[in-house]
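Below are the chains, spelled out letter by letter.
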Amino acid sequence: MKNYKLLTPGPLTTTDTVKAEMLFDHCTWDDDYKQITQQIRKKLLKLAHASEDTYTTVLMQGSGSFGVESVLTSVVGNTDKLLIIANGAYGERMTDIAEYAGIRYVTYRVHYNEIPSAQKVQQILKADPDITHVTMVHSETTSGILNDIAAVAKVVKSAGRDFIVDAMSSFGGVDIPVEELGIDFIISSANKCIQGVPGFSFIICNREKLKESKGKARSLSLDLYDQWETMEKDGKWRFTSPTHVVLAFAKAMEEMEAEGGIEARGARYRANNQLLIDKMSEMGIKTYIDGTHQGPIITTFFYPEDANFSFGEMYEYIKERGYAIYPGKVTEAETFRIGNIGEIYEEDIVKLCDIFKEFLESKQAEEKMARVG
Ligand SMILES: *Cc1c(COP(=O)(O)O)cnc(C)c1O
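Calculation criteria
- Residues numbered from 1 in each chain as written.
- Predicted model: local features only at pLDDT ≥ 70, side-chain atom pairs only at ≥ 80, totals over all residues.
- Heavy atoms only, no water.
- Domains from an automatic or database assignment.
- Contact = heavy atoms within 4.5 Å.
- Salt bridge = Lys/Arg side-chain N within 4 Å of Asp/Glu carboxyl O.
- Polar contact = N/O pair within 3.5 Å; in protein donor to acceptor, adjacent residues only side chain to side chain.
- Helix = DSSP H or I, 4+ residues; strand = E, 2+ residues; numbered from the N terminus.
- Nonpolar A, V, L, I, M, F, W, Y, C, P; charged D, E, K, R; others polar.
- Near = heavy atom within 4 Å.
- Areas by Shrake-Rupley, 256 points an atom, 1.4 Å probe, with all protein chains shown as cover.
- 1 Å grid on protein atoms, 1.4 Å probe; cavity = no way out; pocket = protein on both sides within 12 Å on 5 of 7 lines; lining within 4 Å.
- Sits in = over half its atoms within 2 Å of the grid points.
- Buried < 20%, exposed > 50% of the residue type's maximum accessible area, 1.4 Å probe, protein only.
- Arc of directions from axis to C-beta.
- Pairing = 2+ DSSP bridges.
- Axes fitted to C-alpha atoms, helices over the stretch in contact; angles between N-to-C directions.

Trainee: I keep staring at the domain arrangement of the protein and nothing clicks. Help me out?
Mentor: For an interface, size is often stated in terms of accessible area lost upon the parts coming together. Split by domain assignment, the protein resolves into domain 1 (16-258) and domain 2 (260-372). One C-alpha centre belongs to domain 1, the other to domain 2, and the line joining them spans 29 Å. At the interface, 28 residues of domain 1 touch 24 residues of domain 2. Our enumeration of links across domain 1 and domain 2 arrives at zero salt bridges. Put simply, domain 1 and domain 2 have 15 residue pairs in polar contact (both at pLDDT 80 or more) between them. When contributions to the side of domain 1 that touches domain 2 are tallied by element, the ones reaching two or more residues are helix H4 (89-101), strand S7 (145-146) and helix H10 (243-259). When residues in the side of domain 1 that touches domain 2 are grouped by element, the largest group, four residues, is from H10. Partitioning the side of domain 1 that touches domain 2 into residue classes produces twelve nonpolar, twelve polar and four charged.

Trainee: What is the right way to look at the site of the ligand in this model?
Mentor: The environment of the ligand is formed by Ser-63, Gly-64, Ser-65, Tyr-90, Arg-93, Val-137, Ser-139, Thr-141, Asp-166, Met-168, Ser-169 and Lys-192. The contact in question runs from an oxygen atom of the ligand to an N or O atom on the side chain of Ser-65, over 2.6 Å. Protein coverage of the free-state accessible area of the ligand, which is 390 Å², stands at 85%. Judged by the fraction of its atoms near the pocket grid, the ligand is located in the largest pocket. When contributions to the shell around the ligand are tallied by element, the ones reaching two or more residues are helix H3 (64-75) and H4. In terms of residue class, the shell around the ligand is made up of three nonpolar, six polar and three charged.

Trainee: Looking at this model, I keep getting lost on helix H9 (residues 224-234). Mind explaining?
Mentor: Among all positions of H9, only Leu-224, Tyr-225, Gln-227, Trp-228 and Met-231 are buried. End-on view of H9: buried residues confined to an arc of 155°, all on one side of the axis. One side-chain oxygen at the N-terminal end of H9 lies 3.1 Å from the backbone nitrogen of Tyr-225; it belongs to Asp-223. Looking one or two places after H9, you find Gly-235, whose phi comes out positive at around 95°.

Trainee: It is not clear to me how helix H12 (residues 311-320) should be interpreted in this structure. Could you clarify?
Mentor: Residue pairs spaced three or four apart in an α-helix point in one direction, given the helix's 3.6 residues per turn. Among the residues of H12, those classed as buried are Phe-311, Met-314, Tyr-317, Ile-318 and Lys-319. Buried residues along H12 sit in contact with strand S12 (323-324), strand S13 (326-327), strand S14 (335-339) and helix H13 (346-372). In the segment just after H12, Gly-322 is the residue with positive phi, at about 115°.

Trainee: Can you walk me through the sheet that holds strand S4 (residues 105-109) in this structure?
Mentor: Sheet strands pair by backbone hydrogen bonding; their relative direction is either parallel or antiparallel. Spatial strand order, S2-S10-S9-S8-S5-S3-S4: seven strands in an open sheet with mixed pairing. Only two strands of the sheet have a single neighbouring strand rather than two, namely strand S2 (55-61) and S4. Adjacent strand axes in the sheet meet at a mean angle of 20° when their direction is disregarded. As judged from the three bridges shared by strand S8 (residues 162-166) and strand S9 (residues 185-189), these two strands associate in the parallel manner. In the sheet register, Asp-166 faces S9, and the bridge partner there is Ile-187.

Now the structure itself:
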């Protein structure tokens, strides 16, 4: 079946008009194309509340992880040391990147259903003056928790260290005053809350910090400074750019403005999320993250008690009826995840919950039959 909607954290369901932009094979060499890239870069700064004097945007080929790897391997130099704050799989992925690249690092791990403590970060920085950079995930898509980057930014900045944020699944869906918080590098990708298709990531960088990274990169393709230097001239990408994805993204940004920007989009996501949680709760299905820290992007749910079905069974049942959901990713409990970003509206959430209810009832009926039989 090819006509289901995605209730996943990205790639996600996009509009037909965004997809239609990809029917044209654009030349990469000409000025029209370069202008599209420059417009995207400018608009992203606006979404980040970052001024052009202090900040600049780099677009990088590849999925979101390429963007994270580009930043970590380009800006943390050989004599530097990175503090990685991790409370989920994406935080852990940063430790993998550091291992591969031979970056000096330490990890501050927090349980997947808790947010990192800014006070603890402050203590770690005080005790270890070698640490030059701190990195963390904003919306940990592993669980759906929304970390407090503002509180951590405060202690990182007052300790005079550089701050890198993976805002992959939140940027565009949750408002982030990047300049006010003093974030030096913030990373997201085309296929999350801006509702484009997969193919590139983007990094909003403090200009001075980016310039300081010149010559530090450990890889040619992911060299953040080099990519910026080329792009900054006239909007040309180093190496082949994902042209169709770029056109679709430009359209997605227009549609986001038409919707009412981050404010309206964020409100739609929050309403989707709240409705989902309320309706699941009515069916006795509880969330893994408590109400205070649950983010508006994706939600981890525990299986109902005495569940007599597998994820695969539930997935197929729901997919046949028009929606694709996600398996759980936390380690200590059986869970599943439902994302509510992309072209998803109240009616979708209502439909999904009806399908889920039907599924649970069919499973209960089966069990009864088995017992009687
Ligand atoms: C999606 C996502 C990424 C990037 O994952 P890719 O599979 O490389 O696109 C990184 N961090 C977070 C928090 C994400 O949600």
